[in-house]
Amino acid sequence: MIRKILKNMDWGILVCVIVLLAVGLVALFSATQGSDYEEFKKQIMWLAISIPIMLILIFIDYNTISKISPILYVIMLISLVAVLFTKSVNGATSWFNIGSISIQPAEFAKVIVIITLSTYISKIQEKGKDQISRPTRLLVALIIVAVPVLLIVKQPDYGTAITFVIATIFILFTAGIKKRYIITGILLTVILLPTLYFFVLPEHAKTRIDVFLNPNLDPRGAGYNVIQSKLAIGAGEFLGMGVLKGNQTQLGFLYPKTTDFIFAVVGEEMGFIIAATVIITYVVLITRTVFIAKTAKNNLGSYISIGIAGIFLFHMAENIGMTMGLLPITGVPLPFVSYGGSSLLTNLMMIGLLLNISGRRQKAIFID
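Residues numbered from 1 in each chain as written. Predicted model: local features only at pLDDT ≥ 70, side-chain atom pairs only at ≥ 80, totals over all residues. Heavy atoms only, no water.

Student: Describe unusual backbone geometry, listing the residues and the values that go with them.
Tutor: The residue after Q155, namely P156, is reached through a cis peptide bond having omega -5°. Within the secondary structure, P156 is located in the loop between α7 (135-154) and α8 (158-174). Residue D36 is not a glycine yet carries a positive backbone phi of 60°. Structurally, D36 can be placed in the loop between α2 (11-31) and α3 (38-59). Accessibility expressed as a relative area gives 57% for D36, which makes it exposed. Of note, Y37 is a non-glycine position whose phi angle comes to about 55°, a positive value. (Helix = DSSP H or I, 4+ residues; strand = E, 2+ residues; numbered from the N terminus. Buried < 20%, exposed > 50% of the residue type's maximum accessible area, 1.4 Å probe, protein only.)

Student: Let's hear about the side chain of K110: which residues, and what values?
Tutor: By the secondary structure assignment, K110 is in helix α6 (residues 105-124). If near-sequence neighbours (up to four positions away) are discounted, K110 is found in contact with T160, T163, F164, I311 and H315. (Contact = heavy atoms within 4.5 Å.)

Student: Help me get a handle on the layout of surface pockets, residues and values and all.
Tutor: Approximately 230 Å³ is the volume attributed to the second largest pocket. L72, F108, V111, I112 and M349 are the residues nearest the centre of the second largest pocket, which is lined by 17 residues in total. When residues of the lining of the second largest pocket are traced back to their parent elements, those giving at least two are α3, α5 (69-82), α6 and α15 (341-359). No other element matches the six residues that α6 contributes to the lining of the second largest pocket. Its residues placed into classes, the lining of the second largest pocket shows 16 nonpolar, one polar and no charged. (1 Å grid on protein atoms, 1.4 Å probe; cavity = no way out; pocket = protein on both sides within 12 Å on 5 of 7 lines; lining within 4 Å. Points joined across faces, edges and corners; volume = space filled by probe spheres on them. Nonpolar A, V, L, I, M, F, W, Y, C, P; charged D, E, K, R; others polar.)

Student: Tell me about empty space enclosed by the protein, and name the residues and values.
Tutor: One pass over the structure, following the stated rule, counts one cavity of 30 Å³ or more. Lining the largest cavity are K110, V113, I114, L117, T163, F164, A167, T168, I171 and I311. Take the lining of the largest cavity: its biggest share by element is five residues, from α8.

Student: Any details on a nonpolar patch on the surface? Residues and values, ideally.
Tutor: Nonpolar side chains collect at one region of the surface, where I183, L187, L188, I191, L192, L193, L196, F198, F199 and V200 lie side by side and expose about 1000 Å² of accessible area between them. Residue placement: I191 occurs in helix α9 (residues 179-200). What makes I191 exposed here is its relative accessible area of 55%. (Patch = residues over 30% accessible without salt bridge, like charges linked within 9 Å, V, L, I, M, F, W, Y side chains within 5 Å. Areas by Shrake-Rupley, 256 points an atom, 1.4 Å probe, with all protein chains shown as cover. Salt bridge = Lys/Arg side-chain N within 4 Å of Asp/Glu carboxyl O.)

Student: Lay out the pattern of salt bridges with the relevant residues and their values.
Tutor: What the rule picks out here adds up to five salt bridges. For the salt bridge of K41 with D36, the shortest nitrogen-to-oxygen distance reads 3.9 Å. By relative accessible area, K41 is classed as partly exposed at 47%.

Student: An account of α15 is requested, with residue identities and associated values reported.
Tutor: Between its first and last C-alpha, α15 extends 27 Å over 19 residues, near the 27 Å set by a 1.5 Å rise per residue. When you tally the buried positions in α15, you get 19 out of 19 residues, the bulk of the element. (Expected span 1.5 Å × (residues − 1).)

Student: Just give me the short version of α2, but keep the residues and values in it.
Tutor: With 21 residues, α2 ought to run about 30 Å at 1.5 Å a step, and its terminal C-alpha atoms sit 30 Å apart, in line with that. All of the buried residues in α2 are I13, L14, C16, V17, L20, L21, V23, G24, A27, L28, S30 and A31. Lining the buried residues of α2 we find α3, α12 (247-250), α13 (262-295) and α15. For α2, the N-terminal cap is D10; the gap from its side-chain oxygen to the backbone nitrogen of G12 is 3.1 Å. (Polar contact = N/O pair within 3.5 Å; in protein donor to acceptor, adjacent residues only side chain to side chain.)

Student: Tell me what's going on with the side chain of T281, and back it up with residues and numbers.
Tutor: Inspection of the secondary structure puts T281 in helix α13. Filtering out sequence-adjacent residues up to four positions away, T281 remains in contact with C16, V19 and L20.

Student: Lay out the environment of L6 in plain terms, naming residues and giving numbers.
Tutor: Inspection of the secondary structure puts L6 in helix α1 (residues 2-8). The sequence separation of L6 and V113 amounts to 107 residues, and the corresponding C-alpha distance is 27 Å. Residues contacting L6, with those up to four places away along its chain left out, are W11 and F59.

Student: Give me the nonpolar core: which residues, what numbers.
Tutor: Among the nonpolar cores identified, the biggest contains 95 residues, and I121, L285, I304, F312, F336 and I351 are the most heavily contacted of them. For this core, the element with the highest residue contribution is α13, accounting for 13 residues. Residues contacting I351, with those up to four places away along its chain left out, are I13, V17, M54, L285, F312 and F336. (Core = buried A, V, L, I, M, F, W, Y, C linked by side-chain atoms within 4.5 Å.)

Student: Can you explain the environment of T168? Please cite residues and give values.
Tutor: Looking at the secondary structure, you find T168 in helix α8. Considering only alpha carbons, one finds T168 and L251, 83 residues apart in sequence, at a separation of 41 Å.

Structure follows, in structure tokens:
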């Protein structure tokens, strides 16, 4: 069985991850110069923890993991409630601090929600493909996602909350939800966005949107980070200024350079060639993930894979977009590149699931 899994496994996924990890570690090494490389060392530690967990997830049948998803879902909800009572860090209660280590339950919730939602939809579709389009069935599916999303918004962490929404849209679309629901969802979004802006979003979130529309509105305040990021990327030109030699990175103008704006470090010090390579690598990774969803042996594997594709796509587009000033700043990390133990572990867990699903597929079968 193990030999069959290794033979069918999509090794291209692993190649993409290795490329992104390598670029991320070099960027982190440079960005943490002057701080005793503390975050770089922690990232290495988390990588050493994450790889064995990824390997375990490859060889445990994802159908078995699916069976315990209700238990995992309850544990996830308890952790998301408990984290609200922790000490606020930068205005958010998103982390459990254990010594010098911070754990963010919202990151792990991504994997659990995808598996739980995929399990629910695949189970009800055993009675018919159109079951998901029944109002009561669809409502339950939306509640599965809405409860953790509301808890994450309460932290507040709007970027991560949006990630769940994107993954859900990908899964429901793949599950064959009727077009009337898609059209209704689009119309509701268009109607509700202005309402959310004026009556729901806190002041700092509104400011981020205003600054996105006009970065020079507050160049020394809310617009400072994105202006410095754009300067850093532009300064890198074709070949970059060299590792450890970026002006914005090394002189402290770029912040936070190890997490939100790590792509600006790549652009400044490694130049257009490496920055473009990172983007192309993400495109290949997401494309391969969609292919795994298409060739999975059952609906459960397809839905898990496409949900993961949605998460990677949103994180890549949002993080790179915000560093270039093309999208509002939301604070989502760049997968495999940004510093963050919980994020790195979660991303490698998702890679483990993708390799798990691809290893158990029948390559001759294609879904139209």
